[in-house]
Amino acid sequence: MQTFNELTLSTPVSKAISSMGFEEMTLIQAHTIPLAMNGRDLIGQAHTGTGKTAAFGIPLVEMLSVNFEQIQGIVITPTRELAVQVAEELNLIGQFKGICTLPIYGGQDIIRQIKALKKRPHIIVGTPGRLLDHIRRRTIRLQQIKIVILDEADEMLNMGFIEDVEAILQETTKERQTLLFSATIPRQIQNLAQQFMKDPEIIRINTKEMTVANTEQYYLEVQEKQKFDVLCRLLDIQSPALAIVFGRTKRRVDELYEALNKRGYSAEGIHGDLTQAKRDSVLRQFKEGAIEVLVATDVAARGLDISGVTHVYNFDIPQDPESYVHRIGRTGRLGKSGQAITFVTPREIGLLKIIESMSRRKIMRKPIPTINEAIKGQQRLAIEKLLRVIEEDDIRQYKGLAEDLLEKTDSVTLLSAALKMITKEPDLTPVNLTEVTPLSVKQSRNSKYDQRSSRMENGYQRSGNNRRRDRDRGQRGNGYNKGNR
C-alpha cells in the first residue's frame, strides 16, 4: 500500500493528514489524488467507505490559495448530512493551511448562511437546491471557481437533482477542473460528464463484491413479534461500541428508539420529520459516543460517515440490494472490521435471495440467540470492565476496604457479589411496536415506489412536470412533506 508520505504535499496539508491519523492511502485515494493535483478532470467510481472525501479533499485544499479571499471550490452533495460531514473533513484537512470550508443546505436559516458567506470561505459544500437559491440571490458567485466536485453523483440523480446540478455547473467558468465521484456510472451521469467535463480520466475501483469486504454479514430468520427481544439480546451479547439500527418508516424509528430507552439502552433516532437542529444534535452525540445506538430510516442516514460504527442491524430488511449495500456500508469502513445483521421474516426469504444474488455475497444464517446467551454476554462484559479498572485505574484507596471485607466474607463470594452488581441483566420491560407488513419480492422490485419513497423522505415531490423542493429551497423555509418513511 502507498503512504501519504509518497505524495508531494505542502507541509500544512501533510501535518493535517498526520494529525487525522491517515497513513496508508486507500485504492481510490492512490489512483485519484496524483491525477487531481495535476489538474486533470476525473471520474472516480468506488463504493461507500473507500475514503472518497479525502481523495478529493486533499488535492482540493492543496491547490487553493489562502490569500485569495473568494470561493475557489465547491462540493455538491445530495444530502444535508453529507454536506456537513464533508465540510468537517475538509476543515480538518485545511486546518493548518488556513483553508476554510462552509456547509450550505436547506433547512438551515438562510440569513445565518448569508452572514457566514460574508466571512469569505474558500470552499462551499452544499446541496443542489440551496446552492441554486444562493446563486439566484447573488449571495454566492462562482466566477472565481477553480474546482468543482460532484460527490455521490448517482444519488443526486436518483433524488431528482440532476437538473439543478447542471444549472450550477453552467454558472461556473469553462476553465474549472471537475471531479466526479459516484458508486455507479449510469447513462445520465455519463451524459453529464460528457457535457461538462474535459476528457476525464476514469478510475474504477473494482471489487469482487458489491458489499464491504471487512464486514461480517449474516441474517436471522425471526417472526415479526420476536424482532425486538432478539435485537436486545444481540445488543447484550455483542455490546457494540456504536451501532446503527435501520427501520423502514419514521414511525418505526420513533417506536424503536423509545422502546430501547425503556430497556436501558442509550438510543436516539433520526428521520425526515426532525428539525435540522435536532438531527445535528443527535448525530453529534452519536459521534461523541454519548449515544450508543442510532435508529434511522434509509434516507436519513444516507451519506453518514461516522468512524467507529461496529454493528449495523437491519431491523427491517431493506427494499432493494442498493439500500442493503448502503446500510452495511456504515460499518467496516477504511479497513476496519464490522458486523451487519439482518432480521428476515419467513415471508421475506425470497427478498433475501435477491439481495444475495445482486450483491454477489452469500449471507450466512445464524440461530436466534437465547436469554442465557444474553446473560453470558453481559457477564463477560462485566468481567472485562473489572479487569480494565485493575489495569488502568488507581485502586489503592480501596484496598483497605477490600481487606476489611475479606475478614468477614470469603473472596469468591465477595467477587461474585461485585460481578452481579455491575452485570446488566436482560430487561424484559414490555414494549409495544406497531407491526410492519413483511415486504414481498414484488414490492421490492417496484422501483417507482422506491424512488417516490426516497423523494418523500428528502422533501422532494414530482407533480406532472412541476417540481417542488421544500426542505432544500430557502424560500420555503423549513417546510417539508411528511411522508410515511
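Preceding this section is the structure that the text describes.
Every value quoted in this text rests on a predicted model; they were computed, and no experiment measured them. (Residues numbered from 1 in each chain as written. Predicted model: local features only at pLDDT ≥ 70, side-chain atom pairs only at ≥ 80, totals over all residues. Heavy atoms only, no water.)

Trainee: Explain the overall build of the protein here, please?
Mentor: If you tally the helices and strands in the protein, you get 19 helices and 16 strands. When each of the 485 residues of the protein is scored for burial, the buried share is 53%. For the protein, restricting intrachain contacts to residue pairs at least 6 apart in sequence, the fraction spanning at least 24 positions comes to 78%. When the accessible surface of the protein is totalled, it reaches about 23,200 Å², and 49% of it is carbon and sulfur. (Helix = DSSP H or I, 4+ residues; strand = E, 2+ residues; numbered from the N terminus. Buried < 20%, exposed > 50% of the residue type's maximum accessible area, 1.4 Å probe, protein only. Contact = heavy atoms within 4.5 Å. Areas by Shrake-Rupley, 256 points an atom, 1.4 Å probe, with all protein chains shown as cover.)

Trainee: When you look at the sheet that holds strand S3 (residues 101–104) in this model, what are you seeing that I'm missing?
Mentor: Sheets are built from strands paired through backbone hydrogen bonds, the pairs being either parallel or antiparallel. Strand order in the open sheet formed by seven strands is S3-S4-S2-S5-S6-S1-S7, and the pairing between neighbours is parallel. Looking along the sheet, the strands with just one partner apiece sit at the ends: S3 and strand S7 (201–204). Across this sheet, the average inter-strand angle for adjacent strands is 15 degrees, counted without regard to direction. Pairing analysis gives four bridges linking strand S2 (residues 73–76) to strand S5 (residues 147–151), with the strands arranged parallel. Each residue of the ladder has a partner; that of Val75, found in S5, is Ile149. Relative to the sheet, helix H3 (residues 52–63) contacts S2, strand S4 (123–126), S5 and strand S6 (177–182), its axis offset from that of S6 by approximately 165 degrees. (Pairing = 2+ DSSP bridges. Axes fitted to C-alpha atoms, helices over the stretch in contact; angles between N-to-C directions.)

Trainee: Help me understand the pattern of salt bridges in this model?
Mentor: Pairs can form between side chains of opposite charge once their charged atoms are near each other. Following the criterion strictly, the structure yields 19 salt bridges and no others. Here Lys227 and Asp316 are joined by a salt bridge, their closest N and O atoms 3.0 Å apart. Pair noted here: Lys227 is in helix H10 (residues 227–238) and Asp316 is in the loop between strand S12 (311–314) and helix H13 (321–328), with a separation of 89 residues, a long-range link. Classification of Asp316 by relative accessible area gives buried; the value is 0%. Linking Arg251 and Glu255 is a salt bridge whose minimum nitrogen-to-oxygen distance equals 3.4 Å. With Arg251 and Glu255 both in helix H11 (residues 250–262) and four residues apart, the pair spans about one turn of that helix. Connected through salt bridges with shared partners, the residues Glu224, Lys227, Arg252 and Asp316 form a single ionic network. (Salt bridge = Lys/Arg side-chain N within 4 Å of Asp/Glu carboxyl O.)

Trainee: Sorry if this is basic, but what is going on with the pairing of S12 here?
Mentor: In the case of a regular strand, side chains alternate between the two sheet surfaces. Of the two faces of S12, the one holding His311 and Tyr313 and the one holding Val312 and Asn314 are both buried throughout. The pairing of strand S9 (residues 243–246) with S12 spans four bridges and is classified as parallel. When the sheet's bridge partners are listed, Ile244 is paired in S12 with Val312. Pairing of S12 with strand S13 (residues 338–344) involves four bridges; the strand directions are parallel.

Trainee: Can you help me understand a nonpolar patch on the surface in this one?
Mentor: A contiguous nonpolar surface patch, about 630 Å² in accessible area, is contributed by Ile383, Leu387, Val389, Ile390, Ile395, Tyr398 and Leu401. With four residues, helix H15 (residues 371–392) is the largest single contributor of residues to the nonpolar patch. Within the fold, Tyr398 resides in helix H16 (residues 396–408). (Patch = residues over 30% accessible without salt bridge, like charges linked within 9 Å, V, L, I, M, F, W, Y side chains within 5 Å.)

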